[in-house]
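Here's the letter readout for the chains.
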Amino acid sequence: LPFKEPARTKPALAHLEAARQLFELAGDLPGIAATLDDKGRVHLLRGAPEASLESHRAAYQVRDRLGDERGKALTVARMGEVEHEAGDLVAAEGHVRQAIDLRRRLGDRPGMVASLLELGALERDLGRVDRAIAILEEARTLARDSGELLFECSIAVALGDCWLAQERPVEARPHFIE
């Protein structure tokens, strides 16, 4: 990503902070929450996972005050992604599972697919490849039923990676050439 360099993300953080302040002056809580989540994403791109989590936690608090369950699910999922990238797999698993539960209750099928894909990657990274495959198969079924073609492609690659992690290239091959 072009924003991976901290110097290139500094202006983005400044603009997001200015936007957050304007939303605060206007009393626009959804705008504040969205801006805090965006700041969290930029902090992650900067390689600052703690700052990212701090922004996401603040966004979660605002969304909780609003009773915004869909927004809370998104924020919790992002927290799990940050923790996964930072190597805190146990915390990541908790947040990703929380996001799946929220999204399941809301009927947010695309969100569930995204979180199942993340959970599959976590399970693989935790060395629980058989569980990862089962979760990714569930995600693939849900993606197909929902018409989420892009997710299907990502899931196929993740499944192939799982089979490769088990040194089973024959099983991996179809996932890369579907």
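Residues numbered from 1 in each chain as written. Predicted model: local features only at pLDDT ≥ 70, side-chain atom pairs only at ≥ 80, totals over all residues. Heavy atoms only, no water.

1. Regarding the environment of Val 157
Then, in step 1: Following the sequence through the fold, Val 157 ends up in helix 8 (residues 149-165).
Then, in step 2: Along the backbone, Val 157 and Tyr 60 are 97 residues apart, and their C-alpha atoms lie at a distance of 31 Å.
Then, in step 3: The residues touching Val 157, leaving out its near neighbours within four places in the chain, are His 175 and Phe 176. (Helix = DSSP H or I, 4+ residues; strand = E, 2+ residues; numbered from the N terminus. Contact = heavy atoms within 4.5 Å.)

2. Considerations on the confidence of the model for the protein
Then, in step 1: Residues at a pLDDT of 70 or more form 96% of the protein, whose mean pLDDT is 93.
Then, in step 2: Taken element by element, the predicted model of the protein shows its lowest mean pLDDT in helix 9 (residues 169-177) (88) and its highest in helix 3 (residues 49-66) (98). (pLDDT = per-residue confidence, 0-100.)

3. Here we look at the packing of helix 4 (residues 69-86) against helix 5 (residues 89-106)
Then, in step 1: Where helix 4 contacts helix 5, the two axes come as close as 8 Å, and the packing angle between them is 155°. The orientation of helix 4 relative to helix 5 falls into the category roughly antiparallel. The crossing of helix 4 and helix 5 is left-handed. Counting all contacts with helix 4, which are made through Glu 69, Arg 70, Lys 72, Ala 73, Leu 74, Val 76, Ala 77, Met 79, Gly 80, Glu 83 and His 84, the residues of helix 5 involved are Leu 89, Ala 91, Ala 92, His 95, Val 96, Gln 98, Ala 99, Leu 102, Arg 103 and Leu 106. (Axes fitted to C-alpha atoms, helices over the stretch in contact; angles between N-to-C directions. Parallel < 35°, antiparallel > 145°, perpendicular 65-115°, else oblique. Left-handed = near helix turned anticlockwise from the far one by under 90°.)

4. Side note on the environment of His 175
Then, in step 1: You can see His 175 is positioned in helix 9.
Then, in step 2: Sequence separation of His 175 and Val 76 is 99 residues, and the distance between their C-alpha atoms is 29 Å.
Then, in step 3: In this structure His 175 touches Arg 140, Ala 156, Val 157, Leu 159, Gly 160 and Trp 163, once residues within four positions along its chain are discounted.

5. Digging into the pattern of salt bridges
Then, in step 1: Throughout the structure, instances matching the rule amount to 20 salt bridges.
Then, in step 2: As a salt-bridge pair, Lys 39 and Glu 17 come within 2.7 Å of each other at their nearest N and O atoms. Of this pair, Lys 39 sits in helix 2 (residues 29-45) while Glu 17 is found in helix 1 (residues 6-26), placing the two residues 22 residues apart along the sequence.
Then, in step 3: Here Lys 39 falls in the buried class, since its relative accessible area comes to 13%.
Then, in step 4: Its salt-bridge partner being Arg 128, residue Glu 93 comes within 3.1 Å of it at the nearest N-O pair. Here Arg 128 lies in the loop between helix 6 (109-125) and helix 7 (129-146) and Glu 93 lies in helix 5, a separation of 35 residues in the sequence.
Then, in step 5: By relative accessible area, Glu 93 is classed as buried at 14%.
Then, in step 6: With relative accessibility at 27%, the residue Arg 128 sits in the partly exposed group.
Then, in step 7: In this structure, a network of salt bridges that share partners links the residues Glu 93, Arg 97, Glu 123, Arg 128 and Arg 131. (Salt bridge = Lys/Arg side-chain N within 4 Å of Asp/Glu carboxyl O. Buried < 20%, exposed > 50% of the residue type's maximum accessible area, 1.4 Å probe, protein only.)

6. So, helix 5
Then, in step 1: Taking 1.5 Å of rise per residue, the 18 residues of helix 5 would be expected to cover 26 Å, and the 25 Å separating its terminal C-alpha atoms lies within 8% of that figure.
Then, in step 2: Buried within helix 5 we find Leu 89, Ala 92, Glu 93, His 95, Val 96, Ala 99, Ile 100, Leu 102 and Arg 103.
Then, in step 3: Looking at the buried residues of helix 5, the elements they touch are helix 4, helix 6 and helix 7. (Expected span 1.5 Å × (residues − 1).)

7. As for the packing of helix 7 against helix 8
Then, in step 1: At a minimum axis separation of 9 Å, helix 7 and helix 8 run at an interaxial angle of 165°. If you check the angle between helix 7 and helix 8, you find them roughly antiparallel. Between helix 7 and helix 8 lies a crossing whose hand is left-handed. Residue-level inspection shows Val 129, Ala 132, Ile 133, Leu 136, Glu 137, Ala 139, Arg 140, Ala 143 and Arg 144 of helix 7 in contact with helix 8, the latter providing Phe 151, Glu 152, Ile 155, Ala 158, Leu 159, Cys 162, Trp 163 and Ala 165.
Then, in step 2: Across the contact of helix 7 with helix 8, the residue classes break down as 13 nonpolar, no polar and 4 charged. (Nonpolar A, V, L, I, M, F, W, Y, C, P; charged D, E, K, R; others polar.)

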